[in-house]
Amino acid sequence: MMVQVLILLVGFFLLVKGADWFVEGAASIAKKLGIPQLVIGLTIVAMGTSLPEAAVSITAALDNNAGITIGNIVGSNILNILIILGITAVITNVSIQKSTFYYEIPFMLIITVILMIFGITGSKITFMEGVIFWILFLLYLGYLYIMSKKGTEQEEENVKDIPVWKCLLFMVLGGVMVVMGSDFAVSGATEIARFFGMSERFIGLTIVAFGTSLPELVTSVTAARKGNAGIAIGNIVGSNIFNILFVIGTAALICSVPFERKFIIDTIIAVLSGVLLWGGTIKKKELRKPCGILMLLDYAAYFVYLCVI
């Protein structure tokens, strides 16, 4: 049992560090190629923090443990909003950009509802539904490109100037670490679940979701402590969109992803979390401490529900 816990922890470490190296290398190369920093921040960096979710979910699908996929993504999306933004808001007020408030949060809510509808109608996410998610993902990338050309008010990411050879080394090592880490994490989590008689749903919604959300947690809390939390909401919302459209979409192209009836409640919680985020920022256009505390309390209640059900 201790061996499986160690494998899980090693997997999480490889996921987090590998994603960090991959993003750093990719962002630096993009900068050298003359790609605007705004585009880097909206795509490579924001999506890079979702690499662990992508690696774990796709690996789970390949290993015929696709039950972890929905739990990992829905659990990560709930945790991203309620825990990560909750903690960040407790530390400091978090401003929200106009595009995030008017377009990205509503889009996140819409695709979460679509995910629930797909799951309810067939108790699984099929190949064709994966194709639909990929089409929406490409449309989302097009939206990001248009927004970057318009020069929105989003803040730029600081990208280190690293030699090309080191960038390539970071990307290769980071990619290998993410793949290995995802394999370790899925293997360890699955064995732990079996040992304690827990469902793949529970382990995906809690342990795996937390481990794969570590990059977002570290990034947001660090930014808040440095007084630079303004882009936290946009990055979290972007990661949630990427999780559903790219990760579940890609997993569904590999094999049908089972959607247990109990996931309906979890997906509703994910929608309500987004509504809480939207409602909590509607008046002041920033996320403040009272709403952050409410988010943390809501997640505590949700975790109790998972333990009881």
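Definitions and limits used
Residues numbered from 1 in each chain as written. Predicted model: local features only at pLDDT ≥ 70, side-chain atom pairs only at ≥ 80, totals over all residues. Heavy atoms only, no water. Helix = DSSP H or I, 4+ residues; strand = E, 2+ residues; numbered from the N terminus. Areas by Shrake-Rupley, 256 points an atom, 1.4 Å probe, with all protein chains shown as cover. Phe/Tyr/Trp six-rings, centres within 6.5 Å; stacked < 30°, edge-to-face > 60°. Lys NZ or Arg CZ within 6 Å of the ring centre and 35° of its normal. Expected span 1.5 Å × (residues − 1). Bend = angle between axes of the 7 residues up to and from the residue. Buried < 20%, exposed > 50% of the residue type's maximum accessible area, 1.4 Å probe, protein only. Axes fitted to C-alpha atoms, helices over the stretch in contact; angles between N-to-C directions. Parallel < 35°, antiparallel > 145°, perpendicular 65-115°, else oblique. Contact = heavy atoms within 4.5 Å. Nonpolar A, V, L, I, M, F, W, Y, C, P; charged D, E, K, R; others polar. Polar contact = N/O pair within 3.5 Å; in protein donor to acceptor, adjacent residues only side chain to side chain. Salt bridge = Lys/Arg side-chain N within 4 Å of Asp/Glu carboxyl O. pLDDT = per-residue confidence, 0-100. Patch = residues over 30% accessible without salt bridge, like charges linked within 9 Å, V, L, I, M, F, W, Y side chains within 5 Å. Left-handed = near helix turned anticlockwise from the far one by under 90°.

Enquirer: Could you clarify how one ought to interpret the overall build of the chain in this entry?
Expert: Regarding its fold elements, the chain presents 12 helices and 4 strands. Carbon and sulfur atoms form 70% of the exposed surface of the chain, whose accessible area is close to 13400 Å².

Enquirer: Just to check I follow, could you spell out the packing of aromatic side chains for this structure?
Expert: Given two aromatic rings, one states the distance between the centres and the angle between the planes to describe the pair. On inspection of all chains with the given rule, the structure shows 14 aromatic pairs. Lying across the ring of phenylalanine 101, lysine 285 places its NZ or CZ 4.6 Å from the centre.

Enquirer: Sorry, what's going on with helix H10 (residues 232–254) here?
Expert: An α-helix turns once every 3.6 residues. As a result, residues three or four positions apart point the same way. Taking 1.5 Å per residue as the helical rise, H10 with its 23 residues ought to reach 33 Å, and the 32 Å between its terminal C-alpha atoms agrees with that figure. Taken as a whole, H10 carries its principal kink of about 30° at asparagine 243. Counting buried positions along H10 yields 20 of 23 residues, so the element is predominantly enclosed.

Enquirer: How should the packing of helix H5 (residues 98–122) against helix H11 (residues 263–281) be read in this particular structure?
Expert: Each pair of packed helices gets described by two things: the angle between the helix axes and the distance between those axes. Where H5 meets H11, the closest approach of the two axes is 10 Å, and the angle between their N-to-C directions is 170°. Classified by the interaxial angle, the pair formed by H5 and H11 is roughly antiparallel. Of the residues in H11, those touching H5 at Phe101, Ile105, Met108, Leu109, Thr112, Val113, Met116 and Ile120 are Ile264, Thr267, Ile268, Ala270, Val271, Gly274, Val275, Leu277, Trp278 and Thr281. Its residues placed into classes, the contact of H5 with H11 shows 14 nonpolar, 4 polar and no charged.

Enquirer: Help me understand the side chain of asparagine 240 in this model?
Expert: The residue asparagine 240 is located in helix H10 in this model. Here asparagine 77 takes part through its backbone oxygen, which lies 3.4 Å from a polar atom of the side chain of asparagine 240. A polar contact is formed between the side chain of asparagine 240 and the side chain of asparagine 80, at a distance of 2.8 Å. Residues in contact with asparagine 240, not counting those within four places in the same chain, are Asn77, Asn80, Ile81 and Met108.

Enquirer: Help me understand the pattern of salt bridges in this model?
Expert: Any two side chains of opposite charge can pair if their charged atoms end up close together. Inspection of the entire model under this criterion finds 1 salt bridge. A salt bridge links glutamate 286 to arginine 288, with the shortest nitrogen-to-oxygen separation between them at 2.7 Å.

Enquirer: So what exactly am I meant to see when it comes to the environment of methionine 116 here?
Expert: Relative to the elements of secondary structure, methionine 116 occurs in helix H5. When its relative accessible area of 15% is taken as the criterion, methionine 116 is described as buried. Separated by 152 residues in sequence, methionine 116 and isoleucine 268 place their C-alpha atoms 7.9 Å apart. With near-sequence residues (within four places) excluded, methionine 116 lies in contact with Phe259, Ile264, Thr267 and Ile268.

Enquirer: I keep staring at the environment of alanine 232 and nothing clicks. Help me out?
Expert: Structurally, alanine 232 is set in helix H10. Residue class for alanine 232 comes out buried when judged on its relative accessible area of 4%. Residues alanine 232 and leucine 85 lie 147 residues apart in sequence; the distance between their C-alpha atoms is 7.5 Å. In contact with alanine 232, other than residues within four places in its own chain, are Leu85, Val94 and Ser220.

Enquirer: Honestly, the confidence of the model for the chain in this entry has me stumped. Any pointers?
Expert: Averaged over all residues, the pLDDT of the chain equals 81, while 83% of them reach at least 70. Of all helices and strands in the chain, the one with the weakest mean pLDDT is helix H2 (residues 37–48) (60), whereas H11 scores best (94). Across residues 152–157, confidence stays below pLDDT 50; counting only partners more than four residues off in sequence or on other chains, it has 20 contacts.

Enquirer: Whenever I open this one, helix H3 (residues 51–62) confuses me. Can you help?
Expert: The end-to-end C-alpha distance of H3, which contains 12 residues, comes to 16 Å, matching closely the 16 Å that a straight helix rising 1.5 Å per residue would cover. Within the span of H3, buried status applies to Pro52, Glu53, Ala54, Ala55, Val56, Ser57, Ile58, Thr59, Ala60 and Ala61.

Enquirer: I tried to follow a nonpolar patch on the surface on my own but got confused; where do I start?
Expert: On the surface, Met1, Phe195 and Phe196 cluster together into a nonpolar patch covering about 340 Å² of accessible area. Here phenylalanine 196 is to be found in helix H7 (residues 164–196). Overall, the relative accessible area of 52% leaves phenylalanine 196 in the exposed class.

Enquirer: Sorry, what's going on with unusual backbone geometry here?
Expert: Most peptide bonds are trans, and most residues other than glycine sit at a negative phi. Positive phi is not limited to glycine here, since serine 123 has a value of about 60°. Its location among the elements puts serine 123 in the loop between H5 and strand E2 (124–125). Within the chain, lysine 285 stands out as a residue other than glycine whose phi angle is a positive 60°. Of note, lysine 285 is situated in the loop between H11 and strand E4 (286–287).

Enquirer: Explanation requested: the environment of aspartate 63 in the structure shown.
Expert: Mapped onto the elements, aspartate 63 comes out in the loop between H3 and helix H4 (67–91). In this structure aspartate 63 comes out as partly exposed when scored by relative accessible area, which is 37%. As a C-alpha pair, aspartate 63 and serine 187 span 124 residues in sequence and 9.3 Å in three-dimensional space.

Enquirer: Help me out: how do you make sense of the packing of H5 against H10 in this one?
Expert: Two numbers describe how H5 lies on H10: the axes approach to 10 Å, and their chain directions differ by 30°. In this view, H5 runs roughly parallel relative to H10, as classed from their interaxial angle. Crossing handedness for the pair H5 and H10: left-handed. On H10, the residues that touch Thr100, Glu104, Ile105, Phe107, Met108, Ile111, Thr112 and Leu115 of H5 are Ile233, Gly234, Val237, Asn240, Ile241, Ile244, Leu245 and Ile248.

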